[in-house]
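Okay, here's what each chain looks like letter by letter:
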Amino acid sequence: MTAYGNFPGSRPRRLRTTPAMRRMVAETRLDPANLILPAFVREGVDAPVAISAMPGVYQHTLDTLRKASVEAVSAGVSAIMLFGVPEDEKKDARGTAGTDPDGILQVALRAVREEVGDDLVVMSDLCLDEYTDHGHCGVLTADGRVDNDATLERYAEMAQVQADAGAHVVGPSGMMDGQVGVVRDALDQTGHEDVSILAYTVKYSSAFYGPFREAVGSSLTGDRKTYQQDPANARESLRELALDLAEGADMVMVKPAGPYLDILAKVAESVDVPVAAYQISGEYAMIEAAAARGWIDRDKAILESLTGIRRAGAQMILTYWATEVAQWLGRDAGRG
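Residues numbered from 1 in each chain as written. Predicted model: local features only at pLDDT ≥ 70, side-chain atom pairs only at ≥ 80, totals over all residues. Heavy atoms only, no water.

## Looking at unusual backbone geometry
Move 1: Between lysine 255 and proline 256 the backbone carries a cis peptide bond, its omega angle lying at -5°.
Move 2: Locating proline 256 in the fold gives a position in the loop between strand 8 (251-255) and helix 8 (261-270).
Move 3: One non-glycine residue, methionine 175, lies in the positive phi region at around 60°.
Move 4: Mapped onto the fold, methionine 175 is located in the loop between strand 6 (169-172) and helix 5 (179-189). (Helix = DSSP H or I, 4+ residues; strand = E, 2+ residues; numbered from the N terminus.)

## Some thoughts on a nonpolar patch on the surface
Move 1: On the surface, Leu15, Met24 and Val25 cluster together into a nonpolar patch covering about 290 Å² of accessible area.
Move 2: Turning to its location among the elements, leucine 15 is positioned in the segment before helix 1 (19-25). (Patch = residues over 30% accessible without salt bridge, like charges linked within 9 Å, V, L, I, M, F, W, Y side chains within 5 Å. Areas by Shrake-Rupley, 256 points an atom, 1.4 Å probe, with all protein chains shown as cover. Salt bridge = Lys/Arg side-chain N within 4 Å of Asp/Glu carboxyl O.)

## Observations concerning the pairing of strand 1 (residues 35-42)
Move 1: With 7 of 8 residues buried, strand 1 lies mostly within the body of the structure.
Move 2: Taken together, the 2 bridges between strand 1 and strand 10 (residues 316-318) define a ladder with parallel strand orientation. Counterpart to leucine 35 in the pairing with strand 10 is isoleucine 317. (Buried < 20%, exposed > 50% of the residue type's maximum accessible area, 1.4 Å probe, protein only. Pairing = 2+ DSSP bridges.)

## Describing the packing of aromatic side chains
Move 1: One pass over the full model with this rule turns up 6 aromatic pairs.
Move 2: With a centroid separation of 4.1 Å and an interplanar angle of 5°, the aromatic rings of tyrosine 204 and tyrosine 260 are classed as stacked. Placement of tyrosine 204 in the loop between strand 7 (196-203) and helix 6 (210-215) and of tyrosine 260 in the loop between strand 8 and helix 8 is noted, with a sequence separation of 56 residues between them.
Move 3: Residue classification places tyrosine 204 among the buried residues on the basis of a relative accessible area of 0%. (Phe/Tyr/Trp six-rings, centres within 6.5 Å; stacked < 30°, edge-to-face > 60°.)

These results come straight from atomic positions and should not be treated as a statement about function.
Structure (structure tokens):
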């Protein structure tokens, strides 16, 4: 054997020798408490409806939504984010089903709160796109543009009815200028000072939203590039962040997660409030599709993708695998 003195002087592989060693020195840990479950509830159905582009994800009935919320609590998931899917005939230009106290999302919020109380943080998507017949996130002008300030008025109404229905957290997601401030004022003026705002601070116009449009029965034609961010831009994310914090955001989010880990890291380094990231429908669909064809190991790919999002700085991750992954992590902890 050739002697090389102390070469190599440093051997990082020593800390990779066994699973126990790797677990002990891991810099990033994924915990069920980091996970938030997005869930869809559909009006007018008596059985869950499968979403073809998202295998294993369904448009829930109220009963199956209740069951999913209980399963999430049992697995240790921290929160559930609810999206309503109204009947098509209830959609209109102003999205009035979104502010109807008896609209599907408000009914679902009450049902989940009745089922799990405060054991799960109950969040609500605050946006008009599911409820408008044109599919945009706001009210349109006569020439078809999204009217920012008229939309803010509708968001204020939505905030009140969602809080009345029991939301712990509202998530204004439409990317209207000033939305966080208007929602904060609406909540405070209606006795909902304790309801938090998860700001969709950085939301890019993304091709990865495709399966989500099926999930919510979107009526959109065209795109949302006049209000969602351009994927080419990074600096404006920090501008949006500063505005949301000044307007009263309690938590901030980057969406999508995987393609924008650089943005997520910049945001996480810049704030002292909790940071979330949304692993969106297209990210989910790609892994499920590749795994179904035997091209990748499904479970390992899921965990790797979530660990990467966590490593980039997300304290909370919205993922359609939330309950399943939380169950895995709980089993692993039990073996420890």
